[in-house]
Amino acid sequence: MSALFDNFLTPVAAGLAVTLLSAVIGRLCRRRRPAPAPPRVLRRFSLLGTTGADGALLHHETTRTPGSVVTLRFGDLSQRFELTDAPLGDGTYAAEPLDYLWDGQSAECEAASPLGIAGDADQV
């Protein structure tokens, strides 16, 4: 029994231990590598519910992904928009307003800013 243990079982057990250890280390190394991030694409968004002094929609360019929420400032007022992946006819994507223009301090919503930017209440 001693010869069998020394000549056969010890090398086999050592080989199995080394194989198991290398498999565990290989699996851990594969898990730690983060997946490559998708390339960032510059997109132009039309800010729905806003108009400039000339009556045209305002636009915002960003590399953020659809579903992101951005806060844009118009003078002293802020407005949040959710970026969507819905294409519009002019080649831009829609950015939907989440709230009315607000100054960031008061709880009262403003229907329009002093810069001539209309809020949702001005849309028909």
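The paragraphs below set out a description of the structure included in this document. (Residues numbered from 1 in each chain as written. Predicted model: local features only at pLDDT ≥ 70, side-chain atom pairs only at ≥ 80, totals over all residues. Heavy atoms only, no water.)

Quick look at the sheet that holds strand 3 (residues 69-74)
Right, so step 1: In spatial order, the strands read 2-1-5-4-3; together these 5 strands make up an open sheet with mixed pairing. At either margin of the open sheet sits one strand with a lone partner, and together these are strand 2 (57-62) and strand 3. Neighbour-to-neighbour, the strand axes of the sheet open up by a mean angle of 40°, direction not taken into account.
Right, so step 2: In this sheet, strand 2 lies alongside strand 1 (residues 43-51) in antiparallel orientation, the contact comprising 6 bridges. Directly across from T51, in strand 2, lies its bridge partner L57. (Pairing = 2+ DSSP bridges. Helix = DSSP H or I, 4+ residues; strand = E, 2+ residues; numbered from the N terminus. Axes fitted to C-alpha atoms, helices over the stretch in contact; angles between N-to-C directions.)

As for the packing of aromatic side chains
Right, so step 1: One pass over the full model with this rule turns up 1 aromatic pair.
Right, so step 2: Look at F45 and Y93: their rings are 6.0 Å apart centre to centre, the planes differ by 50°, and that puts the pair in the tilted class. Of the two residues, F45 sits in strand 1 while Y93 sits in strand 5 (residues 93-97), which places them 48 residues apart along the sequence.
Right, so step 3: Judged by its relative accessible area of 0%, F45 is buried. (Phe/Tyr/Trp six-rings, centres within 6.5 Å; stacked < 30°, edge-to-face > 60°. Buried < 20%, exposed > 50% of the residue type's maximum accessible area, 1.4 Å probe, protein only.)

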